[in-house]
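Each chain is listed here by its residues.
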Amino acid sequence: MSTLHMGSPEMLILLWLLPFLAGICLYGFQRKDQALRRFAEVPLLRHINASASRSRQSAKRGLVLVAALFIVAALTRPQWSPRPQKVEHKGRDVVVLLDVSRSMLAEDLKPNRLERSKLAIMDLLERLRGDRVALVAFAGTAVVKCPLTQDYGFFRLMLEDIGVDSIERGGTHIGDALRKTLDEVFSDRLKRFKDIILITDGEDHDSFPVEAAREAGEHGIRLLAVGLGDEQEGQRIPIANEKGERTFLSYGGREVWTRLDADTLRKMVDATPGGQYLNVATGTFDLGSIY
């Protein structure tokens, strides 16, 4: 049996407007009659108003009252036999693991590896539909810049603010970043499809990244690795000295050159179900289309 419910029964108080509107209509008729009587005698008014219909005027005002009644009824949000319905949302959890070490300042991708990566991540956001996305920046340590969210606007703000100064400790520890993602970003309680998009030049400082990737694979997480940089010649890392002049990063009196370590990235993706390696090197790429 159908039962009527009101979503906003408090709106019934607006029914007091109906007597008020009706009173205005009656008052208007009275004022009109008084004005006409001052203008001419009653017998003459019958000839003047021959084309005017009092019944039609009354009907118009009656329709206004009925319309007001329907408006109040609509505001109460009437509902027939409401039933709670569970809506299941399906999607993927996507974590972008972004290398922000100084080697990402190399300019073999324009304007440099890091800025090109940020543009590619922006392209990715345009393709996501209902997926949750998170951002983890890493160098010598890793920091969760944005937890899993569907608020892409907030994600963009966090991404725009990222630079090589976002992580105080230098170096590149990919394995530690992966383990932090497993511990602090993903939840074992939610049975969703999970992806990690790793964007890096692949150089790692003894953080056991392949073992970390294998652990992610055991949790059913897919790893997509994007390798940036030149595998052969490599590239110097531009920096500014104390005078603000452009120079290149040096260590022990020798310039530091950064090269893409594709072998490590290939081993990492092979350790996860459905993992894929994208060898961008120094070319261009559309991360949205790839994903």
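Residues numbered from 1 in each chain as written. Predicted model: local features only at pLDDT ≥ 70, side-chain atom pairs only at ≥ 80, totals over all residues. Heavy atoms only, no water.

Draft legend 1. Structural detail: helix α5 (residues 152-160). Restricting attention to buried positions, one finds in α5 the residues Tyr152, Phe155 and Leu159. Axial view of α5: buried residues confined to an arc of 55°, hence all on one face. For α5, the exposed residues lying more than 90 degrees away from the buried face are Leu157 and Glu160. Looking at the packing, one finds that the buried side of α5 touches β3 (92-99), α4 (113-127), β4 (132-138) and β5 (142-149). (Buried < 20%, exposed > 50% of the residue type's maximum accessible area, 1.4 Å probe, protein only. Helix = DSSP H or I, 4+ residues; strand = E, 2+ residues; numbered from the N terminus. Arc of directions from axis to C-beta. Contact = heavy atoms within 4.5 Å.)

Draft legend 2. Representation of the sheet that holds β5 in the model. Reading across from one edge, β5-β4-β3-β6-β7-β14 is the order of the six strands in this open sheet, with mixed pairing throughout. What marks the edges here is a single partner per strand, and that holds for β5 and β14 (276-281). Averaged over all pairs of adjacent strands, the angle between strand axes in this sheet comes to 15°, irrespective of strand direction. In this structure, β4 lies alongside β5, joined through five bridges in antiparallel fashion. Bridge pairing links Ala137 to Val143 in β5. The strands that helix α6 (residues 174-184) touches are β3, β4, β5 and β6 (193-200); relative to β5, the one it contacts most, it runs at about 35°. With respect to the sheet, helix α8 (residues 262-270) is in contact with β6, β7 (222-228) and β14, its orientation differing from that of β14 by roughly 160°. (Pairing = 2+ DSSP bridges. Axes fitted to C-alpha atoms, helices over the stretch in contact; angles between N-to-C directions.)

Draft legend 3. Spotlight on the side chain of Lys194. Relative to the helices and strands, Lys194 resides in strand β6. Excluding residues within four positions of it along the chain, Lys194 makes contact with Arg92, Asp93, Phe186, Ser187, Asp188, Gly220, Ile221 and Arg222.

Draft legend 4. Structural detail: the packing of aromatic side chains. One pass over the full model with this rule turns up zero aromatic pairs. Residue placement shows Arg236 over the ring face of Phe248; its charged tip is 3.7 Å from the ring centre. (Phe/Tyr/Trp six-rings, centres within 6.5 Å; stacked < 30°, edge-to-face > 60°. Lys NZ or Arg CZ within 6 Å of the ring centre and 35° of its normal.)

Draft legend 5. Focus on the packing of α6 against helix α7 (residues 209-218). Put simply, α6 and α7 touch, their axes get as near as 7 Å, and they point 20° apart. Here α6 lies roughly parallel to α7, going by the angle between them. As α6 runs across α7, the sense of the crossing is left-handed. Of the residues in α7, those touching α6 at Ile174, Gly175, Leu178, Arg179 and Leu182 are Pro209, Ala212, Ala213, Glu215 and Ala216. Looking at the contact of α6 with α7 residue by residue, the classes come out as seven nonpolar, one polar and two charged. (Parallel < 35°, antiparallel > 145°, perpendicular 65-115°, else oblique. Left-handed = near helix turned anticlockwise from the far one by under 90°. Nonpolar A, V, L, I, M, F, W, Y, C, P; charged D, E, K, R; others polar.)

Draft legend 6. Quick look at the nonpolar core. Membership of the largest hydrophobic core comes to 34 residues, with the highest contact counts inside it found for Leu98, Phe155, Ile199 and Leu287. Elements with a contribution of two residues or more to this core: β3, α4, β4, α5, β6 and β7. If you tally residues by element for this core, the top one is α4, at six residues. Phe155 has contacts with Val96, Ile121, Leu125, Val133, Ala134, Leu135 and Cys146, leaving out every residue within four places of it along the chain. (Core = buried A, V, L, I, M, F, W, Y, C linked by side-chain atoms within 4.5 Å.)

Draft legend 7. Layout of the packing of α4 against α5. Direction vectors running N to C along α4 and α5 enclose 175°, while the axes themselves pass 11 Å from each other. Here α4 is positioned roughly antiparallel relative to α5, judged by the angle of their axes. Contact residues: α4 offers Lys118, Ile121, Met122, Leu125 and Glu126, while α5 offers Tyr152, Phe155, Arg156, Leu159 and Glu160. Taken together, the residues of the contact of α4 with α5 sort by class into six nonpolar, no polar and four charged.

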